[in-house]
Amino acid sequence: MDFEQIYNQYSPQIFRVCMGYVNDYEQAKDLTQETFISVWRNLSTFRNQSKISTWIFRIATNNCLRALEKNSRITKVELPFHLPDVPEETQEDKLTFLYNCIAELEEIDRIIISLVLEDLPQAEIAAIVGLSHGNIRIKVHRIKDKLATKFKDHGQFE
Amino acid sequence: MDNLNDLKAIWLTAKTDSLPDSHEMVHIIRKFRNKKLLKIVALVITMILLIGIMIWVIFVYKSTMLSTRFGEAFIIISGIIFVSTNLNSLLRFYKLRVCSNKEFLQFLEQTRLRQQFYYRRTQVVAMAFCATGLLAYLYEGAYKNTMLFIGAYTGTVLYLLVLWFVVRPRVFKKEEKKINAQIEKLESISKQINNDEI
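Residues numbered from 1 in each chain as written. Chains lettered and ligands numbered in written order. Predicted model: local features only at pLDDT ≥ 70, side-chain atom pairs only at ≥ 80, totals over all residues. Heavy atoms only, no water.

Engineer: Can you tell me about the overall build of chain B, naming the residues and giving the values?
Structural biologist: The secondary structure content of chain B amounts to 6 helices and 0 strands. Along its sequence from the N terminus, chain B presents helices and strands in the succession α-α-α-α-α-α. Taking 16 Å as the expected radius of gyration for a compact globule of 198 residues, we find that chain B reaches 25 Å, considerably beyond that expectation. Reported as C-alpha extents along the three principal axes, the dimensions of chain B are approximately 90 × 40 × 30 Å. When burial is assessed residue by residue, chain B has 36% of its 198 residues classed as buried. Nonlocal contacts in chain B, meaning residues at least 24 apart in sequence, comprise 74% of its contacts between residues at least 6 apart. For chain B, the exposed surface amounts to about 12,500 Å²; the carbon and sulfur share of it is 66%. Each charge sign in chain B was given a centre, from 27 positive and 15 negative side chains, and these centres are 11 Å apart. (Helix = DSSP H or I, 4+ residues; strand = E, 2+ residues; numbered from the N terminus. Rg over C-alpha atoms; globule rule 2.2 N^0.38 Å. Buried < 20%, exposed > 50% of the residue type's maximum accessible area, 1.4 Å probe, protein only. Contact = heavy atoms within 4.5 Å. Areas by Shrake-Rupley, 256 points an atom, 1.4 Å probe, with all protein chains shown as cover. Lys, Arg positive; Asp, Glu negative; His and termini not counted. Charge placed at Lys NZ, Arg CZ, Asp CG, Glu CD.)

What follows is the structure, encoded as structure tokens:
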């Protein structure tokens, strides 16, 4: 698999995961770029010991974790207690709400749910995060509950 | 609408078309220069050059005074401390982020602790060697001429005092605050992984 193929296949996924973590469009773009700089530089050393997706998502999520050192632009938005009833929310509103809900989670939970939403198998998420499959299963369950509560609390998209 | 499939459907609506295409990305990567990394490389090269010059001086200028020999040795030792510390940090920088998040967090925490140690101990020791070396090295050239002696030592001592009591504490305070905040944050993220382990 060459770099261009990898980039075309994974860049949208990496961008969404970074966006889930930082909730900031420009920073997510920067992190995506940094991820592919690392991929480009180290592609020749990739030895197929893990899946290429695991390798790339590890680089991306570690970059996200490192982002805390660079600045504190990670956007946490206080969700309003009661949102007014809007006749029809746009897809963009729904997405913004989802990002804001994710931004309220702890860092590792943000990474896990972003990978879940990217449809990665739980075994692969476990390899990326460094937890056992069992732990990931429990965590995913808890995060889903937290998100569901947030969605219910705010009466969104019911 | 709160089940996972609905969330996935919303998640996938994120617009990614403003990302550069693969050709643009290759162009960006080729142009990319890591400024922080370049700064460390420049520092290491400068220090190696200075050590080289100092060794060259030892062979060219054959001093008979012990103070000059001590001065040269101390300055070289301080240079070696700076080079080895910065080379070490360069090598760590190149350690690829392909490990799991858990291992990477441990690596980051360790790096920050090493940085803290650098500011608290290594830098102090290297600066002490360098300052002592400089003062000892100047003696032979200046001791015969009182005016030169006073001028050289006043200037050097003033410079060292400013460096030691003004510049260093300021940099140390700023860096230490930043590093402590990072360590605290990293510890809180590590807890999120470690506390839930079965």
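And the narrative resumes.
Engineer: Which residues make up the interface of chain A and chain B, and what are the values?
Structural biologist: The interface of chain A with chain B comprises 67 residues on the first partner and 44 residues on the second. At the boundary of chain A with chain B, total buried surface from both sides reaches about 5,300 Å², with 62% on carbon and sulfur atoms. The interface formed by chain A and chain B contains 2 salt bridges. Residue Lys-185 of chain B pairs with Glu-107 of chain A through a salt bridge whose shortest N-O separation is 2.6 Å. Looking at side-chain class alone, the side of chain A that touches chain B contains 32 nonpolar, 15 polar and 20 charged residues. (Buried area = accessible area lost by both parts, 1.4 Å probe. Salt bridge = Lys/Arg side-chain N within 4 Å of Asp/Glu carboxyl O. Nonpolar A, V, L, I, M, F, W, Y, C, P; charged D, E, K, R; others polar.)

Engineer: Describe the packing of helix 1 (residues 3-22) of chain A against helix 2 (residues 25-42) of chain A, naming the residues involved and giving the relevant values.
Structural biologist: All names here are of chain A. Axis separation between helix 1 and helix 2 bottoms out at 8 Å; the angle between their running directions is 140 degrees. Between helix 1 and helix 2, the angle falls in the class oblique. Remark: the crossing between helix 1 and helix 2 carries right-handed chirality. In this structure, helix 1 uses Phe-3, Ile-6, Tyr-7, Tyr-10, Ser-11, Ile-14, Phe-15, Cys-18, Met-19 and Val-22 to contact helix 2, whose residues at the interface are Tyr-25, Gln-27, Ala-28, Lys-29, Leu-31, Thr-32, Thr-35, Phe-36, Val-39 and Trp-40. By residue class, the composition of the contact of helix 1 with helix 2 is 15 nonpolar, 4 polar and 1 charged. (Axes fitted to C-alpha atoms, helices over the stretch in contact; angles between N-to-C directions. Parallel < 35°, antiparallel > 145°, perpendicular 65-115°, else oblique. Left-handed = near helix turned anticlockwise from the far one by under 90°.)

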